[in-house]
Amino acid sequence: MKLAANKIDEYFEKPESNRAGILIYGANPMRVAMRRQQIIANLIGPDGRDEMRLDRMSAGELSKQPAKLHDAIKAHGFFPGQRVVYVEEANDLAAGAVSAALSDWSSGDAHLVVTAGTLRVKSKLRKCFEEHRNAYAAAIYDNPPSPSEIGKIVKEAGLSTPESDAMRDIHALAKELDPGDLRQTIEKIAIYKLGDKSPLTSGDVAACAPASTEADMEDMIHMVAESHSDKIGPLMKRLRAQGMQPVGLCLATSRHFKILYTAATDPKGAVSGMDAVRPPVFGPRRNRMIKQVQNWGAPKLEQALVLLTQTDMKLRSAGQTAPQMAAIERTLIRLAMMVRR
């Protein structure tokens, strides 16, 4: 049988041990692996591995020894409790062995868990589970973790109840990171908060989130957007010493101002517009950029983007003779002074 997408969270949290088994397949190996870990842990419990109630084999083994799967499912362990036989990286070549094992399954046998990558609609392996009355086929799509999944990861990490802004930022991260990276980031936040009983804040999330830009370049762009023209010269010297290329700085500044312009033109306001930005902006940087949007306004931001586009074209022009770092510095100073008008 097919396991409906809206039932996956509930079933994997409380799987039915009287089922013959489940096929977990999808394009993202990390998402499939996390679901496999979840269902096996909930089937055999915390002591299942130590009590040898988990038998693991590769699909390649079945092509050489088709009966191995059948024997493993029928075997009885020394310790009482649910047994699981896990077959990894399966494909249609394993369909024969899997079909035979499912056909002969009876109450008291081990629960079969099979994982696979992308499978066609007519896949033989999928049909083994979809056409079986007592087994499930679960398609794991490359979607962001659900709110319940995120809440579970936060709880497992031992974090105290987050503030609403902090949870919003974690949800924004979940839309950009793989589940494994998200879990590692949340665990990093938990270590960061170790011994701190105060609620998780947006600043805590920002401090532990993966860095996306160099700090000096980000400082430079914020100085431009906040009209601190007097600070541009010293920052340019630091960026020049780091080997920053003029075109790269121009593109990074353009990305920043495009985000501001997107937020400024949102019909529901700057806050709603910033929430819709991808990749997401969160933490203190988000609040800072909302203030920048409010100071600039859409018309001036549009002028800024025109100036940056013209500068980018000049920097890339084959006939350009002026020093490129000087050209981008002049543009940044003009931008910083533009908002004062």
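On a predicted model such as this, the values are computed, not experimentally measured, just so you know.

**A few points about the nonpolar core**
Argument step 1. In terms of nonpolar packing, the biggest core is built from 40 residues, with Met-220, Leu-249, Phe-257, Met-274, Leu-332 and Leu-335 touching the most fellow members.
Argument step 2. Look past the residues within four positions of Met-220 in its chain and what remains in contact with it is Ile-232, Leu-235, Met-236, Leu-239, Leu-249 and Leu-332.
Argument step 3. Listed in part, the 30 residues of the second largest apolar core include Ala-20, Leu-62, Val-85 and Ala-137.

**A short note on a nonpolar patch on the surface**
Argument step 1. A contiguous nonpolar patch, built from Met-52, Phe-78 and Phe-79 and spanning about 400 Å² of accessible area, is present on the exposed surface.
Argument step 2. Here Phe-79 lies in the loop between α4 (67-74) and β3 (84-90).
Argument step 3. Residue Phe-79 is classed as partly exposed on the basis of its relative accessible area of 32%.

**Details of the pattern of salt bridges**
Argument step 1. Counted under the stated rule, the structure contains 20 salt bridges.
Argument step 2. Between Glu-88 and Arg-56 there is a salt bridge whose closest N-O contact spans 3.1 Å. Pair noted here: Glu-88 is in strand β3 and Arg-56 is in strand β2 (residues 54-58), with a separation of 32 residues, a long-range link.
Argument step 3. Residue classification places Arg-56 among the partly exposed residues on the basis of a relative accessible area of 42%.
Argument step 4. Residues Arg-286 and Asp-275 are paired through a salt bridge, measuring 2.7 Å at the closest nitrogen-oxygen approach. Of this pair, Arg-286 sits in helix α15 (residues 283-296) while Asp-275 sits in helix α14 (residues 270-275), and the two are eleven residues apart along the sequence.
Argument step 5. Residue class for Arg-286 comes out buried when judged on its relative accessible area of 4%.
Argument step 6. Ionic contacts of the salt-bridge type, sharing partners, join the residues Asp-9, Arg-35 and Glu-149 into one network.

**Some details on the pairing of strand β1 (residues 21-25)**
Argument step 1. The buried fraction of β1 amounts to five of the five residues, a majority that puts the element mostly inside the structure.
Argument step 2. What you see with β1 is no split at all: Gly-21, Leu-23 and Tyr-25 on one side and Ile-22 and Ile-24 on the other are buried throughout.
Argument step 3. Taken together, the five bridges between β1 and strand β4 (residues 111-116) define a ladder with parallel strand orientation. Note that in β4 the partner of Gly-21 across the bridge is Leu-112.
Argument step 4. Sheet topology places β1 next to strand β5 (residues 135-139); five bridges connect them, and they run parallel. In the strand pairing of β5, Tyr-25 is matched with Ala-139.

**Concerning helix α12 (residues 232-241)**
Argument step 1. Taken together, the buried positions of α12 are Ile-232, Leu-235, Met-236 and Leu-239. Viewed end-on, α12 has its buried residues packed into an arc of 105°, placing them on one side of the element. α12 presents Lys-237 and Ala-241 as exposed residues on the side facing more than 90 degrees away from its buried surface.
Argument step 2. Phi turns positive one or two residues past the end of α12, at Gly-243, with a value near 90°.

**A short note on the sheet that holds β5**
Argument step 1. On the basis of which strands lie adjacent, the open sheet formed by five strands has the order β2-β3-β4-β1-β5 and parallel pairing. Since the sheet does not close on itself, it has two edges, and those belong to β2 and β5, each with one partner. Taken over all neighbouring pairs, the strand axes of this sheet differ in orientation by 15° on average, direction set aside.
Argument step 2. Pairing analysis gives five bridges linking β3 to β4, with the strands arranged parallel. Residue pairing across strands places Val-85 opposite Leu-112, the latter belonging to β4.

Scoring rules and cut-offs
Residues numbered from 1 in each chain as written. Predicted model: local features only at pLDDT ≥ 70, side-chain atom pairs only at ≥ 80, totals over all residues. Heavy atoms only, no water. Core = buried A, V, L, I, M, F, W, Y, C linked by side-chain atoms within 4.5 Å. Buried < 20%, exposed > 50% of the residue type's maximum accessible area, 1.4 Å probe, protein only. Contact = heavy atoms within 4.5 Å. Patch = residues over 30% accessible without salt bridge, like charges linked within 9 Å, V, L, I, M, F, W, Y side chains within 5 Å. Areas by Shrake-Rupley, 256 points an atom, 1.4 Å probe, with all protein chains shown as cover. Salt bridge = Lys/Arg side-chain N within 4 Å of Asp/Glu carboxyl O. Helix = DSSP H or I, 4+ residues; strand = E, 2+ residues; numbered from the N terminus. Pairing = 2+ DSSP bridges. Arc of directions from axis to C-beta. Axes fitted to C-alpha atoms, helices over the stretch in contact; angles between N-to-C directions.

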